[in-house]
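Here are the chains, one letter per residue:
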Amino acid sequence: MTSEGSLAGRIALVTGAARGLGFEIAKRLAAEGASVWLNGRDEAALREAAGKIGARAVPLAFDITDDAACEAAFGKIAAGGLDILVNNVGQRDRRGFEDIGREDMKRLLDANLVAPFDLARRAARLMREGGYGRIINITSIASHIARGDAAYTASKAALDGVTRSLAAELGADGITVNAVAPGFVLTEANEQWFTEGSEISDHLQRRTSLGRWAQPHEIAGPVAFLASEAASYITGHTLFVDGGYVTHF
């Protein structure tokens, strides 16, 4: 894409952008012409990611669960404004229900729910000032098919609820709030699950319309669409990008 892409002149913040799905989303937004702040906690990894994406990507290392760090980061962002927020960070605890204690659940909810809520609150102020706003939360099909993984499922279901409530609240300001719910995506974190001939690979062949897992760029495209003018009348919506998994479930 050239600088005349669908997001030319826009400024975006993508959390968890050093690798995996967040990196692909940031790369796609930059390819569509946006300037993109890359968030994460590992500054070296963010610099490396920015180098791969190009001049439109700027690393911004901060912990989204740290209030003071968020305040400082948004102080930097405010100087240029913000048009697009992609809440991509999502922690997971794959232990069984009885092994996850109260403090474990608090930490997971802090990263998966409280932090996105807070970042949306901070972003909305800047979006009102700039006259353009797109908030996109990365949730999961897990919140709709609930088969175990109770802590993660609860956090993503709650984020879906926040998506709808914020859409209603911020619509008057011209800010849209939507969610993208990926299915099974082949990221670095999931690579060991998706080797050819594995149980999950066989499961996806049987249970998805497309018979396979997704590549990260196949999630990034729908995010870029929701961030663009083309999606100006879509809000409060959760878009399943799952190869037809929920349809089959």
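See the structure above.
Notes on the structure follow. (Residues numbered from 1 in each chain as written. Predicted model: local features only at pLDDT ≥ 70, side-chain atom pairs only at ≥ 80, totals over all residues. Heavy atoms only, no water.)

**Some thoughts on the overall build of the protein**
Argument step 1. When you go through the protein residue by residue, the secondary structure sums to 9 helices and 7 strands.
Argument step 2. Against the compact-globule benchmark of 18 Å for 249 residues, the protein has a radius of gyration of 17 Å, which places it among compact chains.
Argument step 3. Taken along its principal axes, the extent of the C-alpha atoms in the protein is 50 × 40 × 40 Å.
Argument step 4. Residue burial in the protein is summarised as follows: out of 249 residues, 50% are buried.
Argument step 5. Restricting the contact set of the protein to residue pairs at least 6 apart, pairs at least 24 apart contribute 69%.
Argument step 6. As displayed, the protein has an accessible area near 11,800 Å², and 51% of this comes from carbon and sulfur atoms.
Argument step 7. The positive charge centre, built from 26 side chains, and the negative charge centre, built from 31, are 1 Å apart in the protein. (Helix = DSSP H or I, 4+ residues; strand = E, 2+ residues; numbered from the N terminus. Rg over C-alpha atoms; globule rule 2.2 N^0.38 Å. Buried < 20%, exposed > 50% of the residue type's maximum accessible area, 1.4 Å probe, protein only. Contact = heavy atoms within 4.5 Å. Areas by Shrake-Rupley, 256 points an atom, 1.4 Å probe, with all protein chains shown as cover. Lys, Arg positive; Asp, Glu negative; His and termini not counted. Charge placed at Lys NZ, Arg CZ, Asp CG, Glu CD.)

**Topic: the packing of helix H3 (residues 67–78) against helix H4 (residues 102–130)**
Argument step 1. One way to put it is that H3 packs onto H4 with a least axis distance of 11 Å and a crossing angle of 25°. Classified by the angle their axes make, H3 and H4 are roughly parallel. Crossing handedness for the pair H3 and H4: right-handed. The residues of H4 that touch H3, namely those facing Asp-67, Cys-70, Glu-71, Phe-74, Ile-77 and Ala-78, are Asp-118, Leu-119, Arg-122, Ala-123 and Leu-126.
Argument step 2. Looking at the contact of H3 with H4 residue by residue, the class counts come to 7 nonpolar, no polar and 4 charged. (Axes fitted to C-alpha atoms, helices over the stretch in contact; angles between N-to-C directions. Parallel < 35°, antiparallel > 145°, perpendicular 65-115°, else oblique. Left-handed = near helix turned anticlockwise from the far one by under 90°. Nonpolar A, V, L, I, M, F, W, Y, C, P; charged D, E, K, R; others polar.)

**Comments concerning the sheet that holds strand S3 (residues 57–61)**
Argument step 1. Within the open sheet, the 7 strands sit side by side as S3-S2-S1-S4-S5-S6-S7. Their pairing is parallel. The strands lining the two open edges of the sheet, one partner per strand, are S3 and strand S7 (238–241). Across this sheet, the average inter-strand angle for adjacent strands is 20°, counted without regard to direction.
Argument step 2. Summarising the sheet, strand S1 (residues 11–14) and strand S2 (residues 35–40) pair through 4 bridges and their orientation is parallel. By the bridge assignment for S2, Leu-13 is matched with Trp-37. (Pairing = 2+ DSSP bridges.)

**Section: the packing of aromatic side chains**
Argument step 1. Summed over the entire model, instances satisfying the criterion amount to 0 aromatic pairs.
Argument step 2. In this structure, Arg-10 packs its charged tip against the face of Tyr-132, placed 3.5 Å from the ring centre. (Phe/Tyr/Trp six-rings, centres within 6.5 Å; stacked < 30°, edge-to-face > 60°. Lys NZ or Arg CZ within 6 Å of the ring centre and 35° of its normal.)

**Re the nonpolar core**
Argument step 1. One finds Ile-25, Leu-29, Val-36 and Leu-38 to be the most contacted residues of the largest nonpolar core, which totals 35 residues.
Argument step 2. Contributing elements (two or more residues each) for this core: S1, helix H1 (20–31), S2, helix H2 (43–53), strand S4 (84–87), strand S5 (133–138) and helix H8 (217–227).
Argument step 3. Setting aside its immediate chain neighbours within four residues, Ile-25 contacts Val-14, Val-86, Asn-88, Ile-138, Ala-220 and Val-223.
Argument step 4. In terms of nonpolar packing, the next biggest core, distinct from the first, is built from 28 residues, Ile-77, Leu-126, Leu-159 and Ile-175 among them. (Core = buried A, V, L, I, M, F, W, Y, C linked by side-chain atoms within 4.5 Å.)

**Topic: the environment of Ser-143**
Argument step 1. Relative to the helices and strands, Ser-143 resides in helix H5 (residues 142–145).
Argument step 2. Along the primary structure Ser-143 and Leu-29 are separated by 114 residues, whereas in three dimensions their C-alpha atoms are 26 Å apart.
Argument step 3. Leave out the neighbours within four places in its chain, and Ser-143 touches Thr-153, Lys-156, Ala-157 and Asp-160.

**Brief notes about the side chain of Ser-155**
Argument step 1. Locating Ser-155 in the fold gives a position in helix H6 (residues 150–170).
Argument step 2. Relative accessible area serves as the criterion here: at 0%, Ser-155 is assigned to the buried category.
Argument step 3. A distance of 2.8 Å separates the side chain of Ser-155 from the backbone oxygen of Tyr-152, its partner in a polar contact. (Polar contact = N/O pair within 3.5 Å; in protein donor to acceptor, adjacent residues only side chain to side chain.)

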